[in-house]
Amino acid sequence: MILRTPRLVLTRWSDGDEERLVELHGTPETSAYVGHGKPWDRHYARERLAGWRTGFHRHGCSTLKLITASGSQFVGRAGISWYEDAQVHQLAYSIVQSNWGKGYASEIASALVGWFFEAEIGQRLEAMAHVDNAASLHILKKIGFREIDTRSVRGEPCRFFEMTRAGYADFAKERPSRNPTS
């Protein structure tokens, strides 16, 4: 276990988890804003898992597996990754379609932001969402991110957001329940 919230556990990937990623991003609707924008197959999922594992070993943070606190259900993926080329830590999350609308994305994103700043990993955290991804845009604003600009990512327009350590401190004072449980 890396991080726990009241309903969720963020943990390392296991061998064979590429099937879970295909479940998560295997349709046009669930892959529209992630990866190469096309449904994921086992080969692509394996590549992504290898990259996330390498990132975790190098930097101590990366995209990880998200399951229910009871361990009975795969919920999605979430994490904070270091992007060397941009020199920035970036928050990411994606929830299995059958769990959309249950507040899992807000819960894990908020907990990850708290963990990032409370562990003093960095001074600034970035996040992005495709301009048409209304759910993610809403979540980022809800958990205290401030929009900074719109940029093209793989030819698609994306809105970028940031949270600074000072911004987090102000937001956490207003909403103390956003702190992760571990």
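Structure: see above.
The following paragraphs examine the structure supplied in this document. (Residues numbered from 1 in each chain as written. Predicted model: local features only at pLDDT ≥ 70, side-chain atom pairs only at ≥ 80, totals over all residues. Heavy atoms only, no water.)

Moving on, we get to the overall build of the chain. Looking only at helices and strands, the chain has 6 helices and 8 strands in total. Reading the chain from its N end, one meets helices and strands in the order β-β-α-α-α-β-β-β-α-β-α-β-β-α. The C-alpha radius of gyration of the chain comes to 15 Å, within 12% of the 16 Å expected for a compact globule of 182 residues. For the chain, the C-alpha atoms occupy an extent of roughly 40 × 40 × 35 Å along the three principal directions. Here the chain, with 182 residues, has 47% of them falling under the buried criterion. Considering only residue pairs separated by 6 or more positions, the chain has 57% of its internal contacts joining residues 24 or more positions apart. When the accessible surface of the chain is summed, it comes to about 9,100 Å², and 50% of that surface belongs to carbon and sulfur atoms. (Helix = DSSP H or I, 4+ residues; strand = E, 2+ residues; numbered from the N terminus. Rg over C-alpha atoms; globule rule 2.2 N^0.38 Å. Buried < 20%, exposed > 50% of the residue type's maximum accessible area, 1.4 Å probe, protein only. Contact = heavy atoms within 4.5 Å. Areas by Shrake-Rupley, 256 points an atom, 1.4 Å probe, with all protein chains shown as cover.)

Our next topic: the pairing of strand 3 (residues 63–68). A large share of strand 3 lies buried, amounting to 6 of its 6 residues. Across 4 bridges, the pairing between strand 2 (residues 8–11) and strand 3 is antiparallel. The residue bridging L8 from the neighbouring strand is T68, located in strand 3. Relative to strand 4 (residues 74–83), strand 3 runs antiparallel, the two sharing 5 bridges. Among the inter-strand pairings, I67 is bridged to a residue of strand 4, identified as F74. (Pairing = 2+ DSSP bridges.)

The full count for this structure, using the stated rule, is 1 cavity of 30 Å³ or more. Size it by volume and the largest cavity reaches roughly 60 Å³. Around the largest cavity sit I2, L3, L10, F56, G60, C61, S62, L64, I80, L112 and W115, which together line it. Looking at the lining of the largest cavity, its residues break down into 9 nonpolar, 2 polar and no charged. (1 Å grid on protein atoms, 1.4 Å probe; cavity = no way out; pocket = protein on both sides within 12 Å on 5 of 7 lines; lining within 4 Å. Points joined across faces, edges and corners; volume = space filled by probe spheres on them. Nonpolar A, V, L, I, M, F, W, Y, C, P; charged D, E, K, R; others polar.)

Under the defined criterion, the tally for this structure stands at 13 salt bridges. Here K65 makes a salt bridge to D17, at a shortest N to O gap of 3.0 Å. Pair noted here: K65 is in strand 3 and D17 is in the loop between strand 2 and helix 1 (18–25), with a separation of 48 residues, a long-range link. The class of D17 is buried, set by a relative accessible area of 4%. When salt bridges that share partners are traced, they join R124, E126, R146, D149, R151 and E162 into one network. (Salt bridge = Lys/Arg side-chain N within 4 Å of Asp/Glu carboxyl O.)

Keep in mind that these numbers describe shape and distance, not what the molecule does.
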